[in-house]
Each structure stands twice: as C-alpha cells, then as structure tokens.
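Observations on chain architecture
Given next are the chains, with one letter for each unit.
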Amino acid sequence: MDWQLIESDEALAQLMCSARGCDAVMVDTEFMRRNTFFPQVALVQLCFSGGGAEGTAWLIDPLQIDDTAPLVTMFLDETVVKVLHSASEDLEVFQHWLGSLPQPLFDTQKAAAMVGLEFGLGYRAMVLQLCGEDLPKGETRSDWLQRPLTESQCHYAAQDVIYLLQAYSAIARRCTEQGKYDWVLEDGAEAANTLASTAPDYFRRIKSAWKLEPRQLAVLMAVCDWREKTARRADKPRSWIIDDKACLQIAQVMPSSRAELEAGVELPPAVVRRRGDILVQLVDDLQSMPANELPAALPPPLDARQRDQLKGLRRRAADIAQELGVAPQTLV
C-alpha cells in the first residue's frame, strides 16, 4: 500500500498543487479526545480520485503544519467531492481545527443506506462487503498524538482512505443508477449546515428535565449554558466543570446561598469553592424573571395514544422507504 507523510507547509502546498484536476478526495481523521472538550486532531488522511496525486494515501501531520490554507481551499472547492464515512465526528474536528467544513460532502455511510445496504454500516463492514477485504483493528486504540508515528499506525491510517476510494466508486455508481447521488450531497450539506449553525441545547439531554417547573427549567438552561461556555473556554469535558446530575439538582433546589448549594447539590468541595458563588448568582438572577418570559415546560414522555401514533408513523415511513429502496432511518 502506497502512503506518504506530509510534515511541512511546503509539502502540503505542493500536494494540493499536484492534486488539481481531481474530481473527488477521500478524507478521514485520527484524533484524540480524552481530557478535552474539543477533539485534538492528530492526523488527516487523503486519497484523491483523478489528478496528479492519485493512487497514494497522503497522511497530513497537523502537528507539523502551520499554514492550513491550501487544505481549506480544497475543502471549499465545489468541483471536488469530499468523501467521508460516518462524517459527524470528522466534521467536528474540521470545524474546530480549520474553522470550515468540507463541501460538497458525500457520506458513504448515509449513501449505503440509500442504495439498499444496511443503515449505520461501519467502515470495516462496508469494506468487507464491497471490497472483499477484512481490515485489521490493530491500531484502533493507538495514541495518535505520539511522535514519531509508527509504520503500523501509518499503514492502518492509509487503509482508511485507500479502501474508501474503492467503496465510494461502488456506492456512487449505485447512487447514480438509482438517481440518488444528489440526495447524498443534499444530506451532506444539511449535516454541515446543522453543525455550523445550531447552538447546543444541552439541557434537553438531561433526564427528568421535563418534570421541572418553568422557573426551574430556566435555571437548568442557564446552568447548562454557563457550563458549555466554561468548558469550551477551558477546553475541558463538561463533566469536569459540573456533571449533569448536579445541573438538574441545582434547578430542583434553587439554592439561594452557598450553604444551600452544599446541602442540596452533590458537588465536590473544590467545585463549591471555585464555582459556588457563580452558580448561586445564576439562580438569583432568574428569581425575578417575569412569569411570561419563562420557558414553557418540556413535554413529558409519550402517552399510550401518542405511542400508538408513533407506531403508525413508523409503519408509514417503512412503506415509503421500501418504495424508494432506502433504509427507513434515512427518511425520519
């Protein structure tokens, strides 16, 4: 397998020049996310279809690159289709690292479900099914931030785009034959636009939030928003600031002092010392909010009638999906 490391700005610029004229580029990333809020990009793999750089897996070392402009330019080139498999995490990497997202985007996992393959097909399973190659898992848990990268790591990373090119060729052909190629690109555009424009409403993920009264819900929203901003600013996981359980307890207890916070909310003493006054102030600020400005309570779980309606909707979606030859999950 032919692969080559790109470890300088000059080498990256030369690669992008030689890749001109390509019609598509396979893209993958290796990243780490242990003790940080944002993913730490460790490697970017490219494999071009067409152009002078075809036939090689190019492994770009972001730890050695200062000028990412050539990569951004290629990502934004509307004449070059960017092909990724299960792109959501990779898009998050690119949004944070480059401040831009690859477009047009062809997600082979989504495309596979649109042409009659199973929904949520993993990369290894897709390659086995379409290319007849059983890829090893050897470096799945590798430390991708270590340097130098090993021969085994580079070979493993190269496979993620070399075989992606073969799989893309097979799936794209089926999409074209079934008139669904543009469907996949539309789905990719929606995924990128959603990631770029949607503010996180993390409070909706917290179990039992629907039980809160409007003023309590306003507190939960404020606490989650504060935690989100704090975690992003510090680049630390949300749970390192305060966990979900504590967010809910603060909304339930509505503490008016640090003493009430300590008594009613399960927080480490160090967090109370560092964050206690801020959390109490968040609650206090919302005590005077007029009732007509409070958020509406979240809807409760579905009742029996609604669950029956949901089953009917699922059956109808399955019928439509069968008519279109796609997996039902690609519709709703």
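This report concerns the structure included in the present document.

Thresholds, definitions, all that
Residues numbered from 1 in each chain as written. Predicted model: local features only at pLDDT ≥ 70, side-chain atom pairs only at ≥ 80, totals over all residues. Heavy atoms only, no water. Axes fitted to C-alpha atoms, helices over the stretch in contact; angles between N-to-C directions. Helix = DSSP H or I, 4+ residues; strand = E, 2+ residues; numbered from the N terminus. Parallel < 35°, antiparallel > 145°, perpendicular 65-115°, else oblique. Contact = heavy atoms within 4.5 Å. Core = buried A, V, L, I, M, F, W, Y, C linked by side-chain atoms within 4.5 Å. Buried < 20%, exposed > 50% of the residue type's maximum accessible area, 1.4 Å probe, protein only. Phe/Tyr/Trp six-rings, centres within 6.5 Å; stacked < 30°, edge-to-face > 60°.

Thoughts on the packing of helix α1 (residues 9-18) against helix α2 (residues 69-76)
Pairs of packed helices are described in terms of their axes, by the angle between the two and the distance that separates them. Where α1 meets α2, the closest approach of the two axes is 9 Å, and the angle between their N-to-C directions is 25°. Accordingly, the angle class assigned to the pair α1 and α2 is roughly parallel. Contact residues: α1 offers Leu12, Ala13 and Met16, while α2 offers Pro70, Leu71 and Met74.

Describing the nonpolar core
Judged by nonpolar contacts, the single largest core of 35 residues is most densely connected at Val219, Leu220, Val223, Ile242, Ile250, Leu267 and Leu279. Only α8 (214-234), α10 (244-253) and α12 (269-287) provide two or more residues apiece to this core. Here this core gets 8 residues from one element, more than from any other, and that element is α8. For Val223, the contacting residues outside a window of four places in its chain are Ile242, Cys247, Ile250, Leu279 and Leu282. Grouped together as the second largest cluster of nonpolar side chains are 33 residues, Leu121, Met126, Val161 and Ala172 included.

Considerations on the packing of aromatic side chains
One pass over the structure, following the stated rule, counts 5 aromatic pairs. Seen in terms of ring centroids, Phe106 and Tyr168 are 5.1 Å apart; in terms of plane orientation they differ by 80°. Their pairing is edge-to-face. Residue Phe106 is located in strand β6 (residues 105-107), and its partner Tyr168 is located in helix α6 (residues 151-177); the two are separated by 62 residues in the primary sequence. Between Phe106 and Tyr181, the aromatic rings sit 5.0 Å apart at their centres with planes inclined by 35°, giving tilted as the arrangement. Of this pair, Phe106 sits in strand β6 while Tyr181 sits in helix α7 (residues 181-197), and the two are 75 residues apart along the sequence. Assessed through its relative accessible area of 0%, Phe106 is described here as buried. Looking at Tyr181, the relative accessible area reads 18%, which means it is buried. Pairwise contacts between aromatic rings join Phe106, Tyr168 and Tyr181 into one cluster.

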